[in-house]
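# Chain and residue survey
For reference, the chains in residue letters:
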Amino acid sequence: MPEGPELHLASHFVNETCKGLVFGGCVEKSSVSRNPEVPFESSAYHISALARGKELRLTLSPLPGAQPPQEALSLVFRFGMSGSFQLAPADALPPHAHLRFYTAPPAPRLALCFVDIRRFGHWDPGGEWQPGRGPCVLLEYERFSLCPCRDNVLRNLSDKAFDRPICEALLDQRFFNGIGNYLRAEILYRLKIPPFKKARTVLEALQQYRPSPELTLSQKIKAKLQNPDLLELCHLVPKEVVELGGKGYGPERGEEDFAAFRAWLRCYGMPGMSSLRDRHGRTIWFQGDPGPLAPKGGRSRKRKPQGTQLEAEDRKEDLPLSSKSISRTRRSRKHPPKTIAQQSEGTSLQQNQETPTPPKKGKRGGQPATTGRRRPPKSWP
């Protein structure tokens, strides 16, 4: 699922690839998308992008003299599970391109496409950031963590979100805008914090820390870089991912563009790591003790080498609903349900075994019933 670094890489990709390009015409939406139409048409306009946390704002700016006269329009995207941007020839659109911005003629036409395989992504023509989201951990670090006395996290520790385990609190976008599943695992792993330790307990320790007043400003900054705390890692770890590049926006093609990211991972999905599902059903990877708030009855699973059953289960966890339905259909084909006749037959058989029938009148009517298993009648209802 795209997190803060992926949205930041996407905005950089849009700004670099669309620099110098002139777009024109209507914005085209696919017929299968349930997102709203984009009410914009211009003979010439530019496109720019800005990311904030897990959101990206795309701005369409008409050029002077463009027809019809129109104000600039902004769209705010949330990528869902698989959203991304691609630039492709207009006559060779990528699959699942659900929103398309075409360049103006006469040059060979290109299309900037919002590609979303699972169709969980969303765009809003209003152009406003989603209300309630906290400062971006990447681009608004000063508001997020630099001044602990006014920090958006530490001044709100009374919120009930911090009654939860720290692994769940890190996904609350009101306080950690841009942090997602793989980032929380990597951050907690570096600090050796049990994922199911109470969030308030973890964060209250940051309020008590006071650097020595004898240290100079440069010495304080150096000490922070050498021993970053949780809030600082919420900025530094996503920044590392951005500096890696790639992830679909690099020069390589296909899976090769993700090679640097896979080599960077230390905890998330790595062999030897354990995993549990949190209250929302999302898998958290960790090492060692899960913590006192670990779900009761939850069994910790260790990551095995690739190709094992665990890997297959992890892939199944991220399947869309349609794929899960296909899996259930395949299972039903292997083990078809009993027909009504078979069910009634089984019920009758059970009743006949438990309730013996009285002996019939005839040649052996006066003899006592035998203790052996009674022979079933020739025909069953």
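About the thresholds
- Residues numbered from 1 in each chain as written.
- Predicted model: local features only at pLDDT ≥ 70, side-chain atom pairs only at ≥ 80, totals over all residues.
- Heavy atoms only, no water.
- Salt bridge = Lys/Arg side-chain N within 4 Å of Asp/Glu carboxyl O.
- Helix = DSSP H or I, 4+ residues; strand = E, 2+ residues; numbered from the N terminus.
- Buried < 20%, exposed > 50% of the residue type's maximum accessible area, 1.4 Å probe, protein only.
- Expected span 1.5 Å × (residues − 1).
- Contact = heavy atoms within 4.5 Å.
- Core = buried A, V, L, I, M, F, W, Y, C linked by side-chain atoms within 4.5 Å.
- Pairing = 2+ DSSP bridges.
- Polar contact = N/O pair within 3.5 Å; in protein donor to acceptor, adjacent residues only side chain to side chain.
- Axes fitted to C-alpha atoms, helices over the stretch in contact; angles between N-to-C directions.
- Parallel < 35°, antiparallel > 145°, perpendicular 65-115°, else oblique.
- Left-handed = near helix turned anticlockwise from the far one by under 90°.
- Nonpolar A, V, L, I, M, F, W, Y, C, P; charged D, E, K, R; others polar.

Going through the model one piece at a time under the given rule, you end up with 13 salt bridges. One salt bridge connects R279 with E168, and the closest N-O pair in it is separated by 3.3 Å. Placement of R279 in the loop between β10 (274-277) and β11 (283-286) and of E168 in helix α3 (residues 166-169) is noted, with a sequence separation of 111 residues between them. On the basis of relative accessible area, R279 is assigned to the partly exposed category, the value being 48%. Judged by relative accessible area, E168 falls into the buried class, the value being 8%. A salt bridge links D278 to R184, with the shortest nitrogen-to-oxygen separation between them at 3.1 Å. Linking D278 in the loop between β10 and β11 with R184 in helix α4 (residues 181-191), this pair joins segments that are 94 residues apart in sequence. Accessibility expressed as a relative area gives 0% for R184, which makes it buried. Residues joined in a network through salt bridges with shared partners are E55, R78 and R133.

So, on to helix α1 (residues 4-17). If you check α1, its first and last C-alpha atoms are 20 Å apart, about what 14 residues at 1.5 Å a residue would give, namely 20 Å. Turning to α1, its buried residues number three or more, namely G4, P5, E6, L7, L9, A10, S11, F13 and V14. On its buried face, α1 sits against β3 (41-52), β4 (55-62), β6 (83-89), β8 (110-116), α4 and α7 (230-244).

Grouped together as the largest cluster of nonpolar side chains are 40 residues, with contacts concentrated most on F162, F176, L203 and L230. Each residue touching L203, except ones within four places of it in the same chain, is listed here: V153, L154, L157, F162, L230 and L231. Among the nonpolar cores identified, the runner-up in size contains 31 residues, and L7, L99, F101 and L112 belong to it.

Turning to the sheet that holds β10, a few remarks are in order. Consider a sheet: its strands pair through backbone hydrogen bonds, and that pairing is either parallel or antiparallel. Strand order across the open sheet formed by 3 strands is β11-β10-β12, with antiparallel pairing between neighbours. Every other strand in the sheet has two partners, leaving β11 and β12 (301-302) as the edge strands with one partner each. Direction of pairing for β10 relative to β12: antiparallel, over a ladder of 2 bridges. Residue pairing for β12: S274 is matched across the bridge by K302.

For the rest of this paragraph, the subject is α7. The terminal C-alpha atoms of α7 lie 21 Å apart, and with 15 residues this matches the ideal 21 Å at 1.5 Å per residue to within 8%. Within α7, burial applies to L230, L231, E232, L233, C234, H235, V237, P238, V241 and V242. The N-cap residue of α7 is D229: its side-chain oxygen and the backbone nitrogen of L231 are 3.2 Å apart. Directly beyond the C-terminal end of α7, a positive phi value near 70° is found at G245.

With that settled, the discussion passes to the packing of α1 against α7. Viewed as axis vectors pointing N to C, α1 and α7 meet at an angle of 40°, and their least axial separation amounts to 9 Å. Looking at the two axes, α1 sits oblique to α7. Between α1 and α7 lies a crossing whose hand is right-handed. For the pair α1 and α7, contact is made by P5, E6, H8 and L9 and by P238, V241 and V242, respectively. Of the residues that constitute the contact of α1 with α7, the class distribution is 5 nonpolar, 1 polar and 1 charged.

It is worth spelling out the packing of α4 against α7 at this point. Close contact between α4 and α7 brings their axes to 10 Å; oriented N to C, the two are set at 125°. Regarding the angle of α4 to α7, the classification is oblique. Between α4 and α7 lies a crossing whose hand is right-handed. Counting all contacts with α4, which are made through Y182, L183, E186, I187, L188, R190 and L191, the residues of α7 involved are L230, L233, C234, V237, P238, E240 and V241. Per-class residue counts for the contact of α4 with α7 are 11 nonpolar, no polar and 3 charged.

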